[in-house]
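Given next are the chains, with one letter for each unit.
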Amino acid sequence: MTLQIRSFEAYQRVYARSVADPEGFWAEQAHTFQWRKPWRQVLKWNFREPRVKWFVGGRLNITENCLDRHLEKRGRQTALIWEPNNPSRKARKITYRQLHGLVCQFANALKAQGVKKGDRICIYMPMTPELAVAVLACARLGAIHSVVFAGFSAVSLADRIKDAQVKVVLTSDYNARGAKNIAVKQIVDEALTLGCDTVERVIVHQNTGDPVVMQEGRDMWWHDVIKGKRKQCKPTIVDSEDMLFILYTSGSTGKPKGVVHTHGGYMVYTEFTFRNVFQYEEGDVYWCTADIGWVTGHSYIVYGPLLAGATTVMFEGVPTYPDAGRFWDVIQRHKVNIFYTAPTAIRALMAAGDQWIKGRRMPSLRVLGTVGEPINEEAWQWYHERVGKKRCPIVDTWWQTETGGILITPLAGITPLKPCYASYPFPGIQPCLVDANGKELEGDGVEGMLCIKFPWPSILRTTFGDHERCRQTYFATFKDKYFTGDGARRDAGGIYRIIGRVDDVINVSGHRIGTAEIEDAINKSPNVVESAVVGYPHDIKGQGIYAYIITSGPVADIASFRKNVLDTVTREIGPIAKPDKIQVVPGLPKTRSGKIMRRILRKIAEGDTSNLGDTSTLLNPEVVDDIQQGSKSL
Ligand code: PRX
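Residues numbered from 1 in each chain as written. Predicted model: local features only at pLDDT ≥ 70, side-chain atom pairs only at ≥ 80, totals over all residues. Heavy atoms only, no water.

Moving on, we get to the sheet that holds strand E22 (residues 446–452). With antiparallel pairing, the 4 strands of this open sheet are ordered in space as E21-E22-E24-E25. A strand with exactly one partner marks an edge of an open sheet, and here the two such strands are strand E21 (431–434) and strand E25 (495–501). Shown here is a sheet whose adjacent strand axes are inclined to one another by a mean of 45°, direction ignored. As paired strands, E21 and E22 are joined by 4 bridges and run antiparallel to one another. The residue bridging Cys-432 from the neighbouring strand is Cys-451, located in E22. (Pairing = 2+ DSSP bridges. Helix = DSSP H or I, 4+ residues; strand = E, 2+ residues; numbered from the N terminus. Axes fitted to C-alpha atoms, helices over the stretch in contact; angles between N-to-C directions.)

See below:
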């Protein structure tokens, strides 16, 4: 087992050691795992190119560590509990031995379809156990998975398939979410008409059993491809630095980029953080409510918990179906000990009213966690009092797709808690705050841009197919530092509070979306000339999407114009990117060089027009008044 930190003093000691001797420290953690060949060197790095390699020369397969390594001791222990969308259906429990068999069998099926090491496999599936099996089967063969959240549109899916030059797409017939039945396979069909020439095969898992159209020669059923396949499959042994997965995420500019993680470092970091952050104890039932389409699901539903030999719950549905008591039902039914969710879900359940949680006893709960966006104090207190009955520590875990695992966080029951503070850096993490000139801010009571000065094992290695973009985005803003895109403050004792993004990325219900992406989509809508999108505070979603739109002429029917815009955004990106507010404006405030002054638009969207700053340098200062007037009537 990797090191288990049991007290705050131990944390302080371990942290100091991890900074003084990072290589020695991480080598100790890595020794726990099964390596087929030891590494020659622990770390090789520079943030200039950037080039980061952990456990150089080591060879392994991550699934051997998630599955095979546990068989002797916990073959009969439940690895995965699947809670279906429909509460009257029975939950499915899969032991480590069964999961091993399912993964091997599907890996053999993929192999028979010609999948080999290095091939890219796109997984566009709902939250069924087969999604986890698909992820692990790819890793078993050294194939690179690219999971795309099954709420993205055909256009977004096609972009991701093309960028990664995907060979095989894995999908399901339908996605049962709440009262909806989403035609996932049909979305794949549509995506594949959009120039995805590299795709040779589509494998379809039968989930709901409703009818779908299968394309002869291209599409095959999951149950057919696994027929007769053995439940043993030798893992493909890969290099520590071979790619494990690509996961697309949004940034300030351009299309989403494919963040790349590799086998060795990611394995060591996700297991170590999982056990220490949540203070996982042997036999605990752990539930993370994220979707595997996001990094939280990769690291803390699949890899981290399985590497630690835990029992991980996978939930197919939504928090409010059939009612707002569903989460608490699932916790009671499966005797969940550790519960990890997003602030947006907490706020939505809090808003649904206390009747759904009142009188519920959830004695199994020991640890609560949040992730994905800043948590406001009211939601934190409600979570602490109503869900945790004031006896469960809350770990507010800050991290990103690019970081692979949790970087700033309390350790449950060990770190003194302060609401809304992600608190201390995890061992091995060296954060700093810098000002706009890149000058490091010293001491406490300071606010700045959050950077990390030293690599950790699960830092991103590149952005797929475009290393220069990786350098530009994360390593060029501040010399020799990884720039997170977040602003933060550091208070007495060195605890961190994450404020939010400082770039043109907004965080809607914990989903990260680039404003430029939404603008591009809106601009494809009829009669739209130009648009500017900003975030504004939203009670449930954290941030809402506010779109200012210039049209090509007067809008006669605002309702149908709105509908067109929303439909276009849904078609181009997906429902998560639909603007909450749309304002038709005569112009957008621009500098003399033609740049949109987003600062002003943000202030208006926030309803804070007391101090718009100096607008006299604008090319068109007169539009500001017009926009302000129009915004009041929204
Ligand atoms: O702004 C931060 C916010 O989510 C961003 C990362 O989004 P993504 O890559 O989609 O990963 C989300 C899940 C790890 C960050 O740049 N964020 C994440 N966790 C927190 C947070 N903001 C405040 N507090 C957090 N605990």
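The discussion continues.
We note that the domain assignment places domain 1 (8–63 + 263–499), domain 2 (96–236) and domain 3 (522–631) within the protein chain. Taking only C-alpha atoms, the centre of domain 1 and the centre of domain 3 are 34 Å apart. With both sides pooled, the region where domain 1 packs onto domain 3 buries about 340 Å², and carbon together with sulfur makes up 58% of that total. Counting the surface domain 1 buries against domain 3, the share from its top three residues, Trp-294, Thr-344 and Arg-347, is 70%. Applying the counting criterion to the domain 1 and domain 3 interface returns 0 salt bridges. Inspection of the domain 1/domain 3 interface yields 3 residue pairs in polar contact (both at pLDDT 80 or more). When its residues are assigned to classes, the side of domain 1 that touches domain 3 shows 3 nonpolar, 1 polar and 2 charged. (Domains from an automatic or database assignment. Buried area = accessible area lost by both parts, 1.4 Å probe. Salt bridge = Lys/Arg side-chain N within 4 Å of Asp/Glu carboxyl O. Polar contact = N/O pair within 3.5 Å; in protein donor to acceptor, adjacent residues only side chain to side chain. Nonpolar A, V, L, I, M, F, W, Y, C, P; charged D, E, K, R; others polar.)

As a further point, take a positive patch on the surface. A surface patch of like charges, here positive, comprises Lys-37, Arg-40, Lys-44, Arg-51 and Arg-59. Within the secondary structure layout, Arg-59 lies in strand E3 (residues 59–60). (Patch = residues over 30% accessible without salt bridge, like charges linked within 9 Å, V, L, I, M, F, W, Y side chains within 5 Å. Areas by Shrake-Rupley, 256 points an atom, 1.4 Å probe, with all protein chains shown as cover. Lys, Arg positive; Asp, Glu negative; His and termini not counted. Charge placed at Lys NZ, Arg CZ, Asp CG, Glu CD.)

Taken together, the neighbourhood of the ligand is formed by 17 residues, with Thr-397, Thr-401, Asp-486, Arg-501 and Arg-512 sitting nearest. In this structure, Arg-512 approaches the ligand through a side-chain N or O atom, which is 2.6 Å from an oxygen atom. Coverage of the ligand by the protein chains reaches 95% of its 540 Å² of free accessible surface. Counting residues per element, the ones that place at least two in the shell around the ligand are helix H10 (295–307), strand E20 (394–397) and E25. Class assignment for the residues of the shell around the ligand results in 6 nonpolar, 6 polar and 5 charged. (Near = heavy atom within 4 Å.)

This part takes up the packing of helix H4 (residues 96–112) against helix H5 (residues 129–141). In a pair of packed helices, the angle between the axes and the distance between the axes together describe the arrangement. At a minimum axis separation of 8 Å, H4 and H5 run at an interaxial angle of 65°. For the pair H4 and H5, the crossing hand works out as right-handed. Residue-level inspection shows Leu-99, His-100, Leu-102, Val-103, Cys-104, Phe-106, Ala-107, Leu-110 and Lys-111 of H4 in contact with H5, the latter providing Val-133, Ala-134, Leu-136, Ala-137, Cys-138, Arg-140 and Leu-141. Its residues placed into classes, the contact of H4 with H5 shows 13 nonpolar, 1 polar and 2 charged. (Left-handed = near helix turned anticlockwise from the far one by under 90°. Contact = heavy atoms within 4.5 Å.)

Before going further, it helps to spend a moment on the packing of helix H12 (residues 343–351) against helix H13 (residues 377–387). Two numbers describe how H12 lies on H13: the axes approach to 10 Å, and their chain directions differ by 75°. On the basis of the axis angle, H12 is roughly perpendicular to H13. Between H12 and H13, the residues in contact are Ile-346, Arg-347, Leu-349 and Met-350 and Glu-378, Ala-379, Trp-382 and Tyr-383, respectively. Residues belonging to the contact of H12 with H13 are distributed by class as follows: 6 nonpolar, no polar and 2 charged. (Parallel < 35°, antiparallel > 145°, perpendicular 65-115°, else oblique.)

Quick look at the pattern of salt bridges now. Where charged atoms of side chains with opposite charge meet at close range, the side chains can pair. All chains considered together, the criterion is met by 40 salt bridges. Arg-275 is the partner of Glu-271 in a salt bridge, and the nearest nitrogen-oxygen pair spans 2.9 Å. With Glu-271 and Arg-275 both in helix H9 (residues 263–277) and 4 residues apart, the pair spans about one turn of that helix. The pair formed by Glu-271 and Arg-275 is uniform in burial state, with each residue classed as buried. With a shortest N-O distance of 2.8 Å, Arg-471 and Glu-468 are connected by a salt bridge. Here Arg-471 and its partner Glu-468 are both found in helix H14 (residues 467–475), 3 residues apart, which amounts to about one turn of the helix. By relative accessible area, Arg-471 is classed as partly exposed at 25%. Sharing partners across several salt bridges, the network here consists of Lys-185, Asp-189, Arg-218 and Asp-219. (Buried < 20%, exposed > 50% of the residue type's maximum accessible area, 1.4 Å probe, protein only.)

Looking at the secondary structure, you find Ser-631 in helix H18 (residues 622–632). Beyond its immediate stretch of four places on either side in the chain, Ser-631 contacts Tyr-546, Gln-583 and Ile-604.

A few words now on H5. Relative to the 18 Å expected for 13 residues at 1.5 Å per residue, H5 spans 19 Å between its end C-alpha atoms, a close match to the ideal helical length. Within H5, 13 of the 13 residues are buried, leaving the element largely enclosed by the surrounding structure. Remark: Gly-142 follows H5 within two positions and exhibits a positive phi of approximately 75°. (Expected span 1.5 Å × (residues − 1).)

This part takes up the packing of aromatic side chains. Overall, the coordinates contain 48 aromatic pairs when judged by the stated rule. Between the aromatic rings of Phe-25 and Trp-26, the centroid separation amounts to 4.9 Å while the plane-to-plane angle is 75°, which identifies the pairing as edge-to-face. Judged on exposure class, the residue Phe-25 and its partner Trp-26 are both buried. Consider the rings of Phe-327 and Trp-328, whose centres lie 6.2 Å apart with planes at 85°: the pair is edge-to-face. An aromatic cluster is defined as three or more aromatic residues linked by ring pairs; in this entry it consists of Phe-25, Trp-26, Trp-35, Trp-39, Trp-54, Phe-55, Tyr-269, Phe-272 and Phe-426. One cation-aromatic arrangement involves Arg-160 over Phe-152; the distance from NZ or CZ to the ring centre is 4.2 Å. (Phe/Tyr/Trp six-rings, centres within 6.5 Å; stacked < 30°, edge-to-face > 60°. Lys NZ or Arg CZ within 6 Å of the ring centre and 35° of its normal.)

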